[in-house]
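Overview (structure and organization)
Okay, here's what each chain looks like letter by letter:
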Amino acid sequence: MFLKYCKRCLNVSTRPNIIFSEDGLCPPCKNYIPESQIDWDKRKEQLEKIIAFAKENNHSGYDCVVGVSGGKDSTRQALFIKEHLGLKPLLVSMNYPPEQMSQNGADNLSNLIQLGFDCINISCSPVIWRNSMRHAFLKFGNWAKATELALFASVPRLAIAYQIPLIWWGENAAAVLGDLAVMGKDLSDGNRLKYSNTLQGGNLDWLLEHDLERSQLLQYIYPSDEEMERAQIRIVFMDYFMREFSHFASSNYSAVRGLFIRESNPIKNPDYFGTSMLDEDFINVNMFIRYLKFGFNRTTDLVNEEIRYGRMTRDEGIDLVTKYDGNYDPEIVEKFCEYIKIGKSEFWNNVDKHVNYELFEKIDMGKYIPKFKVGVGL
């Protein structure tokens, strides 16, 4: 596998569903437009049509549905929809089981509701949830492949049930990360969301191989394209219509409105802001395995955005990624193993199966060194 870096940021060619341009730029950098050059009047016209669509199709008393975790992005977008767009949203949260949800996650969801929103909380069977995570980890080295099916499917399923055809989603992974599989008609169109790298169109066949019945996985089933079309479901990416919908800006906005954040510790968690993925901690395990598969972790994602906004140079980004991208918290690994009921040696033996040895060399159990140099590649 050949790894090369974007000439402007530190996005990598190994990211799933990404295609670099002939001049060496990743899609987010190639399509990036400074906010001062955006035609906000034109986007306002688009936004007004979306608002009109929401109000014309209000059959339940709610204008739209918003999937939330209570984190920085969902807090900011829920308030923007209510206070700036004048819409009445119905929030929906797919809750993690108690053993997985962090205290920050519980506190932040409560804070969001206290800001004045109606919210429906959905919980899957903890037994099915844990078993699905275990199967996903063992088969793909990605435990979130199972849970994200439920997290993402819960929003359109509820929208169809409540006859609310407008769904707001936070960021466009094509525009921000480079996952071109979700790219719709334009950067505001989110109706191809289920074709992201993790969701893969909502295919459940791999879960049904493990003594699970389809009737046990109803909350994991993403509506078909035909169901979405029949219900006239429209998914719109919020970041297209908001000024600087970035990690930095959303964190600041939400923190002063009650968001509980973690103490930043990039030696154990590559989220050096301490404001992302606050609702559970096992994601740190998944991000580390992603690093071993593709050569990038959470620090890379944060740095790329900072470089595009001009708050960081590429060289400064290289320094941060070199220091932090390969870090993980051993205590979280132990808790994860206890949760899905596997031993520590079984955990690392399975990780070894998913490591990209063109990019990394194993030196001991749980210890790998990159063969590439950040910013240069292979």
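Throughout, a residue's number is its position along its own chain's written sequence, starting from 1. Local features in this predicted model are restricted to residues whose pLDDT is 70 or higher, and side-chain atom pairs enter the listing and the counts only when it is 80 or higher, whereas totals over whole chains, interfaces and linings include all residues. Hydrogens and waters are ignored; side-chain quantities use all the structure's heavy atoms.

**What about unusual backbone geometry?**
Heads up, the condition is: Secondary structure elements are taken from DSSP: a helix is a run of H or I of four residues or more, a strand is a run of E of two residues or more, and numbering for both begins at the N terminus. Each residue's exposure class comes from its accessible area (1.4 Å probe, protein chains only) as a fraction of the maximum for that residue type: buried when under 20%, exposed when over 50%, partly exposed otherwise.
Phi is positive for Gln200, close to 50 degrees, though the residue is something other than glycine. Along the polypeptide, Gln200 turns up in the loop between α7 (173–176) and α8 (205–208). In this structure Gln200 comes out as partly exposed when scored by relative accessible area, which is 45%. The backbone of Met277 sits at a positive phi, close to 50 degrees, despite the residue not being glycine. Tracing the backbone shows Met277 in the loop between α10 (247–255) and α11 (283–294).

**Concerning a negative patch on the surface**
Which entries qualify depends on this criterion: Patch criteria: residues need more than 30% relative accessible area and no salt bridge. Like-charged residues are merged within 9 Å; nonpolar side chains of Val, Leu, Ile, Met, Phe, Trp and Tyr are merged within 5 Å. Each accessible area value is a Shrake-Rupley result obtained with a 1.4 Å probe; residue values ignore everything except the protein chains displayed when judging cover. A side-chain nitrogen of Lys or Arg and a carboxyl oxygen of Asp or Glu constitute a salt bridge if their distance falls within 4 Å. A residue counts as positive if it is Lys or Arg and as negative if it is Asp or Glu; His and the chain ends are not included. Just so you know, the charge point we use is NZ for Lys, CZ for Arg, CG for Asp and CD for Glu.
There is a patch of like negative charges on the surface, built from Asp39, Asp41, Glu45 and Glu48. Tracing the chain through its elements places Glu48 in helix α2 (residues 40–56).

**Looking at α10**
Rules: Here a residue-residue contact requires only that any non-hydrogen atoms of the pair lie within 4.5 Å.
Within α10 the residues assigned to the buried category are His247, Ala249, Ser250, Ser251, Tyr253 and Ser254. Packed against the buried residues of α10 are α3 (72–83) and α12 (298–308).

**A few points about the pairing of strand β3 (residues 118–123)**
Consecutive side chains along a regular strand alternate between the two faces of the sheet. Our working definition: Two strands pair under a simple rule: DSSP has to find at least two bridges between them.
In the sheet, strand β2 (residues 89–95) pairs with β3 via 6 bridges, with the strands oriented parallel. Note on β3: the bridge partner recorded for Leu90 is Asp118.

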